[in-house]
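Single-letter residue listing:
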Amino acid sequence: MIRKITENDKAKYMEYVNIFYNSDAVLHPVPKENFENTFNELMSSSAYAECFMLEEENKPVGYCLIAKTFSQEAGGMVIWIEELYVEPDYRSKGIGTKVFDFLKANYPEAKRLRLEAEEENEKAIALYKRLGFTELEYKQYIIE
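Attention here is on the structure that accompanies the text. On a predicted model such as this, the values are computed, not experimentally measured, just so you know.

When you go through the protein chain residue by residue, the secondary structure sums to four helices and five strands. Computed over C-alpha atoms, the radius of gyration of the protein chain comes to 15 Å, within 12% of the 15 Å expected from 2.2 N^0.38 for 144 residues, which places it in the range of a compact globule. Across its three principal directions, the C-alpha atoms of the protein chain cover 40 × 30 × 30 Å. Counting only residues that meet the buried cut, the protein chain has 38% of its 144 residues in that class. Considering only contacts in the protein chain between residues 6 or more positions apart, those separated by 24 or more positions represent 58%. Taken as a whole, the protein chain presents about 9400 Å² of accessible surface, with 49% of it coming from carbon and sulfur. Both charge centroids of the protein chain, one from 18 positive and one from 26 negative side chains, sit 4 Å from each other.

This is the structure we're talking about:
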C-alpha cells in the first residue's frame, strides 16, 4: 500500500531519512534540521512537496518524497522523485515499480518524472532503466 504521510508517521519518517542520508544513495549528509523543516512543510502544504509511506502487510517499509516543479522544456508539471527508500528486506520485491506506477496514476498531468542517482547505486539505476528512464547528458549546477 502507498499512502500519504501523516503526523503519526513522523518517528518512522525521521528514522528512514536518517538511514537514507547515511547511505551510498546520497553524496553527503545534510543537517538534521532539514528533515524537520521538510516534515513541517509536508504537514502544512502539498504545494511543493509530498511524501508517501510505503507499506507491506500494514507495516511501514519505506517512503517516497517528491517535489513538484514546472518545466517549459517538458511542457508542464515535473515530478521530482527526491527520495525513494525501501528497507533492505523489502528490496527487489516490486515495491519500487509500484511507486512509479502510483506516481503515474496519481499525477496524470505530469509531463515528466525526474530523479537523480549515485553511480554506485546500481540496483536502483537498473530499476530506473527497466522502467524507461533515460540518463540526461548534461551536468547540473547549484548555488547554496
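Past the structure itself, the notes keep going.
One finds I81, F100 and L103 to be the most contacted residues of the largest nonpolar core, which totals 22 residues. Those elements that provide at least two residues to this core are β2 (49-56), β3 (59-71), β4 (76-86), α3 (95-106), β5 (112-115) and α4 (122-130). At five residues, the largest contribution of residues to this core is made by α3. Once residues within four sequence positions are removed from consideration, I81 is found in contact with C64, L65, I66, F100, L103, L113, R114 and L115. If you look at the next biggest cluster of nonpolar residues, it comprises 18 residues, including Y13, M14, Y21 and A49.

Residues in a regular strand point their side chains to alternate faces of the sheet. Of all eight residues in β2, seven are buried, a share of seventy percent or more. Pairing of strand β1 (residues 2-4) with β2, which is carried by three bridges, proceeds in the antiparallel orientation. Bridge pairing in β2 links I2 to L54. In the sheet, β2 pairs with β3 via eight bridges, with the strands oriented antiparallel. Across the sheet, C51 pairs through a bridge with L65, a residue of β3. Here β2 folds back onto β3 in antiparallel fashion, the turn holding two residues, of which E57 has a positive phi close to 50°.

Another aspect to go through is a negative patch on the surface. On the surface, D24, E119, E120, E122, E135 and E137 cluster together into a negatively charged patch. Inspection of the secondary structure puts E135 in the segment after α4.

This brings us to the sheet that holds β1. Sheet architecture is open: five strands sit in the order β1-β2-β3-β4-β5, paired in mixed fashion. In this open sheet, the two strands that pair with only one neighbour each are β1 and β5. In this sheet, adjacent strand axes meet at a mean angle of 30° when their direction is disregarded. One ladder, built from ten bridges, connects β3 with β4; its direction is antiparallel. Considered in β4, the bridge of A67 is made with W80. Of the strands in this sheet, β1, β2, β3, β4 and β5 touch α3, which is tilted by about 140° from β2.

What counts and how
- Residues numbered from 1 in each chain as written.
- Predicted model: local features only at pLDDT ≥ 70, side-chain atom pairs only at ≥ 80, totals over all residues.
- Heavy atoms only, no water.
- Helix = DSSP H or I, 4+ residues; strand = E, 2+ residues; numbered from the N terminus.
- Rg over C-alpha atoms; globule rule 2.2 N^0.38 Å.
- Buried < 20%, exposed > 50% of the residue type's maximum accessible area, 1.4 Å probe, protein only.
- Contact = heavy atoms within 4.5 Å.
- Areas by Shrake-Rupley, 256 points an atom, 1.4 Å probe, with all protein chains shown as cover.
- Lys, Arg positive; Asp, Glu negative; His and termini not counted.
- Charge placed at Lys NZ, Arg CZ, Asp CG, Glu CD.
- Core = buried A, V, L, I, M, F, W, Y, C linked by side-chain atoms within 4.5 Å.
- Pairing = 2+ DSSP bridges.
- Patch = residues over 30% accessible without salt bridge, like charges linked within 9 Å, V, L, I, M, F, W, Y side chains within 5 Å.
- Salt bridge = Lys/Arg side-chain N within 4 Å of Asp/Glu carboxyl O.
- Axes fitted to C-alpha atoms, helices over the stretch in contact; angles between N-to-C directions.

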